[in-house]
Amino acid sequence: MAATDASAPSTRRKRVAVLFGGRSSEHAVSCATASSVLRAIDRDAYDVIPIGVTRTGRWVLAADDPERWAISAGVLPEVKDGDGPGVIAPVQTGDHALQVLEPGQVPRELGQVDVVFPLLHGPFGEDGTLQGLLELTDVRYVGAGVLASAASMDKAVMKVMLKGAGLPVGEYLVVRPGQWQRDPEAVRDDVEELGWPVFVKPARAGSSVGITKVDGPDELDAAIAEALRHDRKLVIEAAVVGREIECAVLQAADGSCATSLPGEIEFVGEHTFYDFEAKYLDDATKLSCPADLPDEVIARVRELSVRTFEAMNCEGLARVDFFVQADGSVVVNEINTMPGFTSSSMYPRMWAATGLAYPELIDRLIQTALGRPTGLR
(Lines give C-alpha, C1' and ligand atoms only; values in the text may rest on other atoms or scores of the structure.)
Protein backbone atom coordinates (compact mmCIF):
# COMPACT_ATOMS: atom_id res chain seq x y z
CA MET A 1 0.00 0.00 0.00
CA ALA A 2 1.53 3.31 -1.09
CA ALA A 3 2.34 5.88 1.57
CA THR A 4 0.18 8.99 1.64
CA ASP A 5 1.90 12.31 1.07
CA ALA A 6 0.88 14.31 4.15
CA SER A 7 1.89 17.54 2.43
CA ALA A 8 -0.45 16.99 -0.52
CA PRO A 9 -3.44 19.32 -0.59
CA SER A 10 -6.76 17.81 0.47
CA THR A 11 -9.20 17.23 -2.34
CA ARG A 12 -12.32 17.05 -0.21
CA ARG A 13 -14.82 19.85 -0.53
CA LYS A 14 -14.89 22.44 2.21
CA ARG A 15 -17.63 21.75 4.73
CA VAL A 16 -19.90 24.69 5.55
CA ALA A 17 -22.27 24.66 8.51
CA VAL A 18 -25.20 26.94 7.72
CA LEU A 19 -26.55 28.07 11.09
CA PHE A 20 -29.99 29.66 11.31
CA GLY A 21 -33.09 30.20 13.44
CA GLY A 22 -32.14 31.28 16.94
CA ARG A 23 -33.67 32.74 20.07
CA SER A 24 -34.40 36.27 18.87
CA SER A 25 -37.62 37.76 17.52
CA GLU A 26 -35.99 37.55 14.07
CA HIS A 27 -36.09 33.75 14.09
CA ALA A 28 -38.33 33.48 11.02
CA VAL A 29 -36.26 35.98 9.03
CA SER A 30 -33.17 33.91 9.78
CA CYS A 31 -34.92 30.78 8.49
CA ALA A 32 -35.91 32.62 5.30
CA THR A 33 -32.31 33.76 4.85
CA ALA A 34 -31.14 30.15 5.20
CA SER A 35 -33.70 29.07 2.63
CA SER A 36 -32.15 31.36 0.03
CA VAL A 37 -28.57 30.43 0.90
CA LEU A 38 -29.28 26.67 0.83
CA ARG A 39 -30.87 27.10 -2.60
CA ALA A 40 -28.01 29.14 -4.08
CA ILE A 41 -24.80 27.79 -2.50
CA ASP A 42 -22.51 25.91 -4.89
CA ARG A 43 -22.93 22.22 -3.98
CA ASP A 44 -20.03 21.26 -6.26
CA ALA A 45 -17.70 23.41 -4.16
CA TYR A 46 -19.07 22.86 -0.66
CA ASP A 47 -20.53 20.17 1.55
CA VAL A 48 -23.39 21.85 3.39
CA ILE A 49 -24.62 21.02 6.89
CA PRO A 50 -27.81 22.90 7.82
CA ILE A 51 -27.99 23.49 11.58
CA GLY A 52 -31.23 24.93 12.91
CA VAL A 53 -31.41 26.64 16.31
CA THR A 54 -34.78 26.44 18.06
CA ARG A 55 -36.33 29.35 19.92
CA THR A 56 -35.05 27.79 23.15
CA GLY A 57 -31.48 27.59 21.82
CA ARG A 58 -31.28 23.87 20.99
CA TRP A 59 -29.17 23.02 17.92
CA VAL A 60 -30.65 20.42 15.57
CA LEU A 61 -29.54 18.79 12.34
CA ALA A 62 -32.10 20.44 10.07
CA ALA A 63 -33.56 19.45 6.74
CA ASP A 64 -31.49 20.48 3.73
CA ASP A 65 -34.68 21.71 2.06
CA PRO A 66 -34.91 25.37 1.02
CA GLU A 67 -38.70 25.22 0.75
CA ARG A 68 -39.02 24.07 4.36
CA TRP A 69 -37.44 27.31 5.62
CA ALA A 70 -39.00 29.83 3.25
CA ILE A 71 -41.68 32.40 4.12
CA SER A 72 -44.64 31.16 2.12
CA ALA A 73 -48.05 32.81 1.77
CA GLY A 74 -47.39 34.87 4.87
CA VAL A 75 -46.58 31.78 6.97
CA LEU A 76 -43.40 32.23 9.03
CA PRO A 77 -41.02 29.25 9.26
CA GLU A 78 -39.72 27.99 12.60
CA VAL A 79 -37.08 25.51 13.74
CA LYS A 80 -38.63 23.05 16.21
CA ASP A 81 -37.23 20.30 18.41
CA GLY A 82 -38.71 17.64 16.15
CA ASP A 83 -36.94 18.94 13.04
CA GLY A 84 -33.90 16.74 13.61
CA PRO A 85 -31.54 15.14 16.13
CA GLY A 86 -29.63 17.39 18.49
CA VAL A 87 -26.20 18.73 17.56
CA ILE A 88 -23.28 19.48 19.88
CA ALA A 89 -20.91 22.26 18.82
CA PRO A 90 -17.12 21.87 19.10
CA VAL A 91 -15.98 22.31 22.70
CA GLN A 92 -12.21 22.80 22.50
CA THR A 93 -9.57 24.46 20.35
CA GLY A 94 -8.57 22.34 17.39
CA ASP A 95 -11.75 20.27 17.51
CA HIS A 96 -13.97 21.43 14.66
CA ALA A 97 -16.25 18.41 14.58
CA LEU A 98 -19.99 18.53 15.12
CA GLN A 99 -21.59 15.62 16.95
CA VAL A 100 -25.14 14.39 16.51
CA LEU A 101 -27.19 13.16 19.48
CA GLU A 102 -30.05 10.79 18.76
CA PRO A 103 -32.24 9.28 21.50
CA GLY A 104 -30.82 6.00 22.78
CA GLN A 105 -27.78 6.16 20.50
CA VAL A 106 -24.08 6.78 21.05
CA PRO A 107 -23.15 10.28 19.81
CA ARG A 108 -21.86 10.16 16.25
CA GLU A 109 -19.49 12.58 14.60
CA LEU A 110 -20.92 14.65 11.78
CA GLY A 111 -17.53 15.64 10.49
CA GLN A 112 -15.05 18.48 10.63
CA VAL A 113 -16.47 21.91 9.83
CA ASP A 114 -14.24 24.27 7.87
CA VAL A 115 -16.38 27.37 8.23
CA VAL A 116 -19.67 28.39 9.82
CA PHE A 117 -22.06 30.66 7.93
CA PRO A 118 -24.05 32.18 10.83
CA LEU A 119 -27.30 33.41 9.34
CA LEU A 120 -28.79 34.40 12.67
CA HIS A 121 -30.24 37.88 13.06
CA GLY A 122 -30.61 39.79 16.30
CA PRO A 123 -29.62 38.85 19.86
CA PHE A 124 -28.00 35.48 20.59
CA GLY A 125 -26.63 35.22 17.07
CA GLU A 126 -25.69 38.53 15.50
CA ASP A 127 -24.65 40.25 18.74
CA GLY A 128 -21.28 38.63 19.44
CA THR A 129 -22.54 35.75 21.59
CA LEU A 130 -22.32 33.11 18.87
CA GLN A 131 -19.13 34.68 17.55
CA GLY A 132 -17.58 34.30 21.01
CA LEU A 133 -18.52 30.61 21.09
CA LEU A 134 -16.85 30.05 17.72
CA GLU A 135 -13.78 32.05 18.74
CA LEU A 136 -13.32 29.84 21.81
CA THR A 137 -12.80 26.82 19.58
CA ASP A 138 -10.96 28.55 16.70
CA VAL A 139 -13.74 27.81 14.21
CA ARG A 140 -13.73 30.13 11.22
CA TYR A 141 -16.98 31.91 10.42
CA VAL A 142 -18.46 34.42 8.00
CA GLY A 143 -18.87 37.99 9.14
CA ALA A 144 -17.93 40.34 11.94
CA GLY A 145 -16.12 39.33 15.12
CA VAL A 146 -17.22 39.62 18.74
CA LEU A 147 -16.66 43.34 19.29
CA ALA A 148 -18.10 44.57 16.01
CA SER A 149 -21.09 42.26 16.27
CA ALA A 150 -21.91 43.32 19.83
CA ALA A 151 -21.37 47.05 19.30
CA SER A 152 -23.25 47.18 16.00
CA MET A 153 -26.19 45.24 17.44
CA ASP A 154 -26.61 47.78 20.24
CA LYS A 155 -27.86 50.95 18.54
CA ALA A 156 -26.89 53.11 21.53
CA VAL A 157 -23.27 51.88 21.55
CA MET A 158 -23.14 52.05 17.75
CA LYS A 159 -24.11 55.72 17.71
CA VAL A 160 -21.49 56.59 20.34
CA MET A 161 -18.79 54.87 18.27
CA LEU A 162 -19.91 56.49 15.02
CA LYS A 163 -20.03 59.96 16.57
CA GLY A 164 -16.61 59.36 18.10
CA ALA A 165 -15.28 58.58 14.62
CA GLY A 166 -16.68 61.86 13.31
CA LEU A 167 -19.49 60.31 11.31
CA PRO A 168 -22.80 62.18 10.93
CA VAL A 169 -25.65 60.67 12.98
CA GLY A 170 -29.09 61.99 13.89
CA GLU A 171 -30.31 63.17 17.30
CA TYR A 172 -31.38 60.44 19.71
CA LEU A 173 -31.74 59.47 23.34
CA VAL A 174 -31.31 56.21 25.21
CA VAL A 175 -33.85 54.76 27.64
CA ARG A 176 -31.88 52.42 29.87
CA PRO A 177 -33.31 49.32 31.60
CA GLY A 178 -35.76 50.33 34.31
CA GLN A 179 -35.65 54.04 33.45
CA TRP A 180 -39.16 54.14 31.99
CA GLN A 181 -40.61 52.30 34.97
CA ARG A 182 -38.85 54.58 37.50
CA ASP A 183 -39.54 57.97 35.93
CA PRO A 184 -41.75 57.96 32.84
CA GLU A 185 -42.31 61.73 33.05
CA ALA A 186 -38.59 62.40 32.71
CA VAL A 187 -38.48 60.19 29.62
CA ARG A 188 -41.49 61.98 28.14
CA ASP A 189 -39.80 65.34 28.75
CA ASP A 190 -36.60 64.17 27.04
CA VAL A 191 -38.56 62.91 24.03
CA GLU A 192 -40.42 66.21 23.83
CA GLU A 193 -37.08 67.97 23.44
CA LEU A 194 -36.25 65.80 20.41
CA GLY A 195 -39.39 67.02 18.67
CA TRP A 196 -42.01 65.04 16.77
CA PRO A 197 -42.15 62.65 15.07
CA VAL A 198 -39.77 60.17 16.66
CA PHE A 199 -38.98 56.50 16.15
CA VAL A 200 -39.03 54.27 19.22
CA LYS A 201 -36.79 51.23 18.80
CA PRO A 202 -35.50 48.29 20.82
CA ALA A 203 -31.78 48.98 21.18
CA ARG A 204 -30.77 45.42 20.28
CA ALA A 205 -33.16 44.13 17.65
CA GLY A 206 -33.26 44.26 13.87
CA SER A 207 -35.56 43.65 10.89
CA SER A 208 -37.60 46.63 12.16
CA VAL A 209 -39.05 44.41 14.90
CA GLY A 210 -40.68 46.43 17.69
CA ILE A 211 -40.18 49.80 15.98
CA THR A 212 -42.96 52.38 16.00
CA LYS A 213 -43.18 55.79 14.38
CA VAL A 214 -44.65 58.20 16.95
CA ASP A 215 -46.27 61.39 15.69
CA GLY A 216 -47.19 62.88 19.05
CA PRO A 217 -47.14 62.43 22.85
CA ASP A 218 -50.42 60.51 22.94
CA GLU A 219 -48.78 57.65 21.00
CA LEU A 220 -45.56 57.46 22.99
CA ASP A 221 -46.56 55.16 25.86
CA ALA A 222 -47.89 52.44 23.56
CA ALA A 223 -44.77 52.62 21.38
CA ILE A 224 -42.49 52.27 24.39
CA ALA A 225 -44.53 49.32 25.65
CA GLU A 226 -44.18 47.61 22.26
CA ALA A 227 -40.41 48.18 22.12
CA LEU A 228 -39.99 46.92 25.70
CA ARG A 229 -41.52 43.60 24.60
CA HIS A 230 -38.29 43.02 22.64
CA ASP A 231 -35.60 44.71 24.73
CA ARG A 232 -35.17 46.34 28.14
CA LYS A 233 -33.04 49.06 26.56
CA LEU A 234 -34.51 51.47 24.00
CA VAL A 235 -33.29 54.08 21.55
CA ILE A 236 -35.60 56.95 20.59
CA GLU A 237 -34.55 58.80 17.47
CA ALA A 238 -35.63 62.16 16.11
CA ALA A 239 -37.02 61.69 12.61
CA VAL A 240 -34.63 62.71 9.85
CA VAL A 241 -36.39 64.05 6.79
CA GLY A 242 -34.68 62.43 3.86
CA ARG A 243 -34.60 59.59 1.39
CA GLU A 244 -33.74 56.13 2.73
CA ILE A 245 -30.57 54.99 1.00
CA GLU A 246 -28.61 51.79 1.61
CA CYS A 247 -25.17 50.61 0.57
CA ALA A 248 -23.58 47.16 0.80
CA VAL A 249 -19.99 46.62 1.93
CA LEU A 250 -18.00 43.49 1.07
CA GLN A 251 -14.54 42.88 2.49
CA ALA A 252 -11.85 40.90 0.71
CA ALA A 253 -9.38 38.55 2.37
CA ASP A 254 -6.69 41.28 2.33
CA GLY A 255 -8.95 43.61 4.34
CA SER A 256 -9.84 45.95 1.48
CA CYS A 257 -13.50 46.91 1.13
CA ALA A 258 -15.71 47.18 -1.93
CA THR A 259 -19.07 48.93 -1.96
CA SER A 260 -22.13 48.31 -4.06
CA LEU A 261 -24.01 50.98 -5.91
CA PRO A 262 -26.35 52.64 -3.38
CA GLY A 263 -29.98 51.60 -3.47
CA GLU A 264 -33.14 53.43 -2.49
CA ILE A 265 -36.16 51.88 -0.78
CA GLU A 266 -39.49 53.03 -2.13
CA PHE A 267 -42.80 52.12 -0.56
CA VAL A 268 -45.76 50.65 -2.37
CA GLY A 269 -49.14 50.95 -0.67
CA GLU A 270 -49.86 52.28 2.80
CA HIS A 271 -46.53 51.72 4.59
CA THR A 272 -44.84 54.92 5.78
CA PHE A 273 -41.57 53.40 6.96
CA TYR A 274 -39.56 50.21 6.50
CA ASP A 275 -41.24 47.98 9.10
CA PHE A 276 -41.28 44.17 9.35
CA GLU A 277 -44.44 43.72 7.27
CA ALA A 278 -43.14 45.99 4.52
CA LYS A 279 -39.89 44.03 4.38
CA TYR A 280 -41.11 40.45 4.47
CA LEU A 281 -44.86 39.99 4.25
CA ASP A 282 -46.64 42.60 2.17
CA ASP A 283 -44.37 42.96 -0.86
CA ALA A 284 -44.64 46.66 -0.10
CA THR A 285 -41.22 47.90 -1.18
CA LYS A 286 -39.16 48.16 -4.30
CA LEU A 287 -35.47 48.86 -4.66
CA SER A 288 -34.06 51.33 -7.11
CA CYS A 289 -30.38 50.60 -7.66
CA PRO A 290 -28.49 52.65 -8.44
CA ALA A 291 -30.44 55.28 -6.54
CA ASP A 292 -31.25 58.40 -8.54
CA LEU A 293 -28.71 60.63 -6.83
CA PRO A 294 -26.07 63.08 -8.03
CA ASP A 295 -22.67 61.49 -8.60
CA GLU A 296 -21.12 63.38 -5.71
CA VAL A 297 -23.80 62.12 -3.30
CA ILE A 298 -23.31 58.53 -4.49
CA ALA A 299 -19.58 58.92 -3.91
CA ARG A 300 -20.26 60.32 -0.43
CA VAL A 301 -22.55 57.41 0.48
CA ARG A 302 -19.97 54.88 -0.64
CA GLU A 303 -17.18 56.67 1.23
CA LEU A 304 -19.24 56.86 4.44
CA SER A 305 -20.14 53.18 4.10
CA VAL A 306 -16.49 52.15 4.28
CA ARG A 307 -15.77 54.63 7.08
CA THR A 308 -18.72 53.27 9.07
CA PHE A 309 -17.62 49.67 8.44
CA GLU A 310 -14.11 50.45 9.64
CA ALA A 311 -15.23 52.58 12.62
CA MET A 312 -17.21 49.60 13.92
CA ASN A 313 -14.29 47.22 13.26
CA CYS A 314 -16.48 45.08 10.99
CA GLU A 315 -15.37 42.15 8.85
CA GLY A 316 -16.78 40.26 5.89
CA LEU A 317 -19.97 42.11 5.11
CA ALA A 318 -22.33 44.80 6.29
CA ARG A 319 -25.18 46.96 5.05
CA VAL A 320 -25.07 50.64 5.97
CA ASP A 321 -28.31 52.62 5.99
CA PHE A 322 -28.48 56.37 5.41
CA PHE A 323 -30.78 59.33 5.09
CA VAL A 324 -30.00 61.69 2.23
CA GLN A 325 -31.53 65.09 2.89
CA ALA A 326 -32.82 67.60 0.38
CA ASP A 327 -29.59 69.63 0.46
CA GLY A 328 -27.56 66.51 -0.38
CA SER A 329 -26.18 66.00 3.13
CA VAL A 330 -25.89 62.38 4.27
CA VAL A 331 -26.73 61.05 7.75
CA VAL A 332 -25.75 57.53 8.90
CA ASN A 333 -28.78 55.70 10.31
CA GLU A 334 -27.27 52.33 11.26
CA ILE A 335 -25.07 49.41 10.24
CA ASN A 336 -26.13 45.75 10.05
CA THR A 337 -23.37 43.16 10.38
CA MET A 338 -25.57 40.29 9.17
CA PRO A 339 -28.15 42.01 6.98
CA GLY A 340 -31.17 40.30 5.53
CA PHE A 341 -29.73 37.82 3.06
CA THR A 342 -32.68 36.31 1.25
CA SER A 343 -32.47 36.51 -2.51
CA SER A 344 -34.97 39.40 -2.34
CA SER A 345 -33.18 41.26 0.47
CA MET A 346 -31.57 44.60 -0.21
CA TYR A 347 -27.97 43.52 0.42
CA PRO A 348 -27.73 40.82 -2.30
CA ARG A 349 -29.99 42.82 -4.63
CA MET A 350 -27.62 45.79 -4.48
CA TRP A 351 -24.68 43.53 -5.27
CA ALA A 352 -26.61 41.95 -8.14
CA ALA A 353 -27.25 45.43 -9.54
CA THR A 354 -23.53 46.15 -9.16
CA GLY A 355 -22.59 43.01 -11.09
CA LEU A 356 -22.06 40.35 -8.41
CA ALA A 357 -24.63 37.54 -8.56
CA TYR A 358 -26.06 35.94 -5.43
CA PRO A 359 -24.22 32.56 -5.68
CA GLU A 360 -20.93 34.35 -6.32
CA LEU A 361 -21.57 36.64 -3.35
CA ILE A 362 -22.04 33.61 -1.09
CA ASP A 363 -18.82 32.11 -2.42
CA ARG A 364 -16.87 35.34 -1.81
CA LEU A 365 -18.03 35.49 1.80
CA ILE A 366 -17.09 31.88 2.48
CA GLN A 367 -13.69 32.20 0.82
CA THR A 368 -12.89 35.36 2.78
CA ALA A 369 -13.80 33.60 6.03
CA LEU A 370 -11.68 30.57 5.11
CA GLY A 371 -8.69 32.84 4.46
CA ARG A 372 -8.97 34.63 7.79
CA PRO A 373 -6.62 33.58 10.61
CA THR A 374 -8.04 32.30 13.88
CA GLY A 375 -7.21 33.87 17.21
CA LEU A 376 -6.75 37.61 17.68
CA ARG A 377 -7.26 39.35 14.36
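Throughout what follows, the structure given in this document is the object of discussion.

Cut-offs applied
- Residues numbered from 1 in each chain as written.
- Predicted model: local features only at pLDDT ≥ 70, side-chain atom pairs only at ≥ 80, totals over all residues.
- Heavy atoms only, no water.
- Helix = DSSP H or I, 4+ residues; strand = E, 2+ residues; numbered from the N terminus.
- Axes fitted to C-alpha atoms, helices over the stretch in contact; angles between N-to-C directions.
- Parallel < 35°, antiparallel > 145°, perpendicular 65-115°, else oblique.
- Contact = heavy atoms within 4.5 Å.
- Nonpolar A, V, L, I, M, F, W, Y, C, P; charged D, E, K, R; others polar.
- Pairing = 2+ DSSP bridges.
- Salt bridge = Lys/Arg side-chain N within 4 Å of Asp/Glu carboxyl O.
- Buried < 20%, exposed > 50% of the residue type's maximum accessible area, 1.4 Å probe, protein only.

Quick look at the environment of Leu-173 now. Tracing the chain through its elements places Leu-173 in strand β8 (residues 172-175). Each C-alpha atom of the pair Leu-173 and Val-235 lies 5.9 Å from the other, and the pair is 62 residues apart in sequence.

Where helix α3 (residues 146-153) contacts helix α4 (residues 155-164), the axes come no closer than 5 Å and their chain directions differ by 105 degrees. With respect to each other, α3 and α4 are oriented roughly perpendicular. Within the contact between the two elements, α3 uses Ala-151, Ser-152 and Met-153 and α4 uses Lys-155, Val-157, Met-158 and Met-161. Grouping the amino acids of the contact of α3 with α4 by side-chain chemistry returns 5 nonpolar, 1 polar and 1 charged.

Let's shift gears to the sheet that holds strand β10 (residues 212-214). Taken together, the 4 strands give an open sheet; going across it, the order is β8-β11-β9-β10, and neighbouring strands pair in antiparallel fashion. Among the strands making up the open sheet, the edge pair consists of β8 and β10. Adjacent strand axes in the sheet meet at a mean angle of 25 degrees, parallel and antiparallel pairs treated alike. Relative to strand β11 (residues 234-238), strand β9 (residues 198-202) runs antiparallel, the two being bridged by 5 bridges. Residue pairing for β11: Val-200 is matched across the bridge by Ile-236. Against the sheet, α4 touches β8, β9 and β11, its axis set at about 140 degrees to β8. Taken strand by strand, helix α7 (residues 220-228) contacts β9, β10 and β11, and its axis lies near 25 degrees from that of β9.

As a further point, take the pattern of salt bridges. Within this structure, the stated rule accounts for 21 salt bridges. The partner of Asp-231 in a salt bridge is Arg-204, with the nearest N and O atoms 2.6 Å apart. One end of the pair, Asp-231, is in the loop between α7 and β11; the other, Arg-204, is in the loop between β9 and β10, with 27 residues separating them in the sequence. Judged by relative accessible area, which is 31%, Arg-204 ranks as partly exposed. Ionic pairing is found between Arg-319 and Glu-246, a salt bridge with its closest N-O pair at 3.4 Å. Taken together, the positions of Arg-319 in strand β16 (residues 317-324) and Glu-246 in strand β12 (residues 243-251) put the pair 73 residues apart, joining distant regions of the chain. Taken together, the salt bridges that share partners define one network made up of Arg-13, Arg-15 and Asp-47.

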